[in-house]
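Take a look at the letters that make up each chain.
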Amino acid sequence: MPDAPVERIATDPLEIKPEAGTALCLSGGGYRAMLFHVGVLWRLYEARLLQGIQRLSSVSGGSITAAVLGLKWKRLGFDPARLKADFVAEVVAPVRVLADETIDADAIFWGIALPGRVSDRVAEAYDTHLFQGATLQDLPDTPRFVINATNVQSGALWRFMKPYMRDYRVGKVKAPKIPLAQAVAASSAFPPVLSPFEMRLDESAFTPNSGHDLQRKPFTTHVFLTDGGVYDNLGLETAWKRYQTVLVSDGGGKLQPEDEPKSDWARHSYRVFDLVDNQVRSLRKRQVIDSFKSGIRKGAYWGIRTNIADYQLADALPCPHARTMELAETPTRLKRLNDNVQERLINWGYAVCDAALRRHVDPQIKKPADFPYPKAKV
């Protein structure tokens, strides 16, 4: 039996019995992943599968897309016949507006020049372009949107949701009114430049005795968070432990060879972090796929580096592997991408999701007529 791709924690039951239902996991990867996942949601919407998702768990760049979807969920009619006036207008358009802006470089500059952290500037940019003051309480009750960050102090996952936010070691805060922009900024605070995201909390906001072993100051009053992908780079934990069917969309990058690695502490530390992330991501991916093959879970995995030919579908959308690998090399940044790259990333997420769904989830799903942006292709 394959190893599970998630760890058992102290508060988990000895035997985890997932319930019927479907969860969707959106990985990190900056704007690259953000747009790739837009294509994924587009295909799920068209296939009438998106409205049946019970839980959407995200990290980092995936959390940007997920939070926009969550904020606009109540406005969606889930009618493929009105896709452009519905999903495209409400979800795709605002995400593409953000992708026209470079926010990480400006955040770093102003974070150095002015009081406050770099992550505060990122949160301000998210709020300006996407969320306009919305909080976690503006998310829908169903499905459950889970925005994941990593607690630097406890080493555990910090989960932002509408009903509560919690770290199993520190405790639970019910009905948090945290701005959605801050939750996403914490989830996407990838180190070293955008991390950490700092939260000041009132200790009395925590439910008494809800933390395993760290429900005390300063853990409850002064919280330091970093990218959710540091702990769980596919956003798997909260989905895998809860539901029988799990769909995993991986827009993450892959470590590239470096013939002359930098030796200064900052760039060397960043390279070492990438090494660790690459190994953990590769291991989780193998364990997820092995679990599907063995029947431990139902579902599908697809990634930005997947070769669509591996699905062995004669009618898959045309996605030459050399072209999709160019997209996979898009830097993990919050840096402006031109319209052509944006459309190609969306098209690729759409096409590979379609192939995975028709191969591993439901072969009766109707083949799409074309890419969302036919002229751009991949």
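This section reports on the structure supplied with the text. The structure presented is a predicted model; accordingly, all values stated were derived computationally and were not measured. (Residues numbered from 1 in each chain as written. Predicted model: local features only at pLDDT ≥ 70, side-chain atom pairs only at ≥ 80, totals over all residues. Heavy atoms only, no water.)

## Observations concerning helix 1 (residues 30-46)
Put simply, the test is: Helix and strand assignments come from DSSP, with helices taken as H or I runs of at least 4 residues and strands as E runs of at least 2, each series counted from the N terminus. Working rule for helices: expected span equals 1.5 Å times residues minus one. Here's how the labels work: a residue is buried when its accessible area is under 20% of the maximum for its type, exposed when over 50%, partly exposed in between, all with a 1.4 Å probe on protein chains only.
The terminal C-alpha atoms of helix 1 lie 25 Å apart, and with 17 residues this matches the ideal 24 Å at 1.5 Å per residue to within 8%. Among the 17 residues in helix 1, 16 count as buried, and that is most of the element. One or two steps after helix 1, the chain reaches arginine 48, where phi turns positive at roughly 60°.

## A word on the side chain of glutamate 237
The cut-off we apply is this: Should any heavy atoms of two residues lie within 4.5 Å, those residues are considered in contact.
With respect to the helices and strands, the residue glutamate 237 is situated in helix 7 (residues 237-240). Looking at glutamate 237, the relative accessible area reads 9%, which means it is buried. Setting aside its immediate chain neighbours within four residues, glutamate 237 contacts Val6, Glu7, Leu157, Tyr231 and Asp232.

## Re the packing of helix 2 (residues 61-72) against helix 6 (residues 180-187)
Test applied: Axis definition: a line fitted to C-alpha atoms, limited for helices to the stretch in contact. Angles are taken between N-to-C directions and run from 0 to 180 degrees. In these notes the angle categories are as follows: under 35 degrees is roughly parallel, over 145 is roughly antiparallel, 65 to 115 is roughly perpendicular, and the rest is oblique. Crossings are assigned a handedness: left-handed for a near helix turned anticlockwise from the far helix by less than a right angle, right-handed for a clockwise turn. Side-chain classes are defined by residue name, with Ala, Val, Leu, Ile, Met, Phe, Trp, Tyr, Cys and Pro counting as nonpolar, Asp, Glu, Lys and Arg as charged, and the others, Gly among them, as polar.
Helix 6 packs onto helix 2 with a crossing angle of 160° between their chain directions and a minimal axis gap of 9 Å. Overall, the two elements helix 2 and helix 6 adopt an arrangement that is roughly antiparallel. The two elements helix 2 and helix 6 cross, and the hand of that crossing is right-handed. For the pair helix 2 and helix 6, the contacting residues are Ser63, Ile64, Ala67 and Leu71 in the first and Leu180, Val184 and Ser187 in the second. The residue makeup of the contact of helix 2 with helix 6, split by class, is 5 nonpolar, 2 polar and no charged.

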